[in-house]
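Examination of the molecular architecture
Chain by chain, the residues run as shown.
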Amino acid sequence: MSQDDVTQIRVGDSPIGIMGLKTVLEDMAEEFEDRPDSELREELLNRLGKRNYIPETAREDYEKAFLRKFLGKPYEEEASDGVEIKVLGPGCVQCDRLEQELMQVMAETEIMADIEHVRDIKEIGRYGVMGTPALLINGQVKSVGKVPTRSQLKAWLTEAKGARLKA
């Protein structure tokens, strides 16, 4: 399994790494686009449960998180206090290093965030950045073309968390 196979999402109040999420979402996109939410939730849980441990007591939280990702919508609880991070880059060494540094800083500071690594070059172009790796925190471009220092990442994440708590 490559590192590309794991996507971190928020399930309830916890950031969780989900194996194969992007592949399952892509596979289901056309076939399930007009299906009811209940059917989507069940199918997502079924497919993702094959490669991921999903505790019985947390099934509903996982279903909500998977459905949110499928529909591309923010999860209500997340929108109120979560930090959203996007790493933009095709998967080069620097891009992957930025993602790893972010996850380590998040663990050290205990800051909850939804982190997504956008690798598709067309999607990266929609953000208007002219270099990679690029870092967006809560929709704001914070860095382009380099991996910021850990201290800078901590400062940006702490600032973003504070802004979410005030909102």
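First things first, this report covers the structure right here in the doc.

What counts and what doesn't
Residues numbered from 1 in each chain as written. Predicted model: local features only at pLDDT ≥ 70, side-chain atom pairs only at ≥ 80, totals over all residues. Heavy atoms only, no water. Axes fitted to C-alpha atoms, helices over the stretch in contact; angles between N-to-C directions. Helix = DSSP H or I, 4+ residues; strand = E, 2+ residues; numbered from the N terminus. Parallel < 35°, antiparallel > 145°, perpendicular 65-115°, else oblique. Left-handed = near helix turned anticlockwise from the far one by under 90°. Contact = heavy atoms within 4.5 Å. Buried < 20%, exposed > 50% of the residue type's maximum accessible area, 1.4 Å probe, protein only. 1 Å grid on protein atoms, 1.4 Å probe; cavity = no way out; pocket = protein on both sides within 12 Å on 5 of 7 lines; lining within 4 Å. Points joined across faces, edges and corners; volume = space filled by probe spheres on them. Nonpolar A, V, L, I, M, F, W, Y, C, P; charged D, E, K, R; others polar. Pairing = 2+ DSSP bridges.

Some points on the packing of helix α1 (residues 21–28) against helix α3 (residues 59–71)
For any two helices packed against each other, one specifies the inter-axial angle together with the distance between the axes. It is the contact of α1 with α3, at a shortest axis distance of 10 Å, that shows an interaxial angle of 60°. In terms of their interaxial angle, α1 and α3 are classed as oblique. Crossing of α1 against α3: the hand is right-handed. Contact residues: Leu21, Leu25 and Met28 in α1; Phe66, Lys69 and Phe70 in α3.

Overview of unusual backbone geometry
In terms of backbone geometry, most residues other than glycine have negative phi values and most peptide bonds are trans. Cis geometry is found at the peptide bond from Thr132 to Pro133, where omega equals 0°. Structurally, Pro133 can be placed in the loop between α6 (121–126) and β5 (134–137). Its identity as a non-glycine residue notwithstanding, Asn138 has a phi of 50°, on the positive side. With respect to the element layout, Asn138 can be found in the loop between β5 and β6 (140–144). Residue classification places Asn138 among the partly exposed residues on the basis of a relative accessible area of 27%.

Some remarks on empty space enclosed by the protein
Within this structure, the stated rule accounts for one cavity of 30 Å³ or more. By volume, the largest cavity is sized at about 50 Å³. Val6, Thr7, Lys22, Glu99 and His117 are the residues nearest the centre of the largest cavity, which is lined by eleven residues in total. Of all the elements in the fold, those that place two or more residues in the lining of the largest cavity are β1 (6–11), α5 (93–109) and β4 (113–118). Its residues assigned to classes, the lining of the largest cavity comprises three nonpolar, three polar and five charged.

Quick look at the sheet that holds β6
With mixed pairing, the four strands of this open sheet are ordered in space as β4-β3-β5-β6. With one partner strand each, in any of the chains shown, β4 and β6 form the two edges of the open sheet. Adjacent strand axes in the sheet meet at a mean angle of 20°, parallel and antiparallel pairs treated alike. Across six bridges, the pairing between strand β3 (residues 83–88) and β4 is parallel. The partner of Glu84 across the bridge, within β4, is Asp114.

Function cannot be inferred from these measures alone, as they are strictly geometric.
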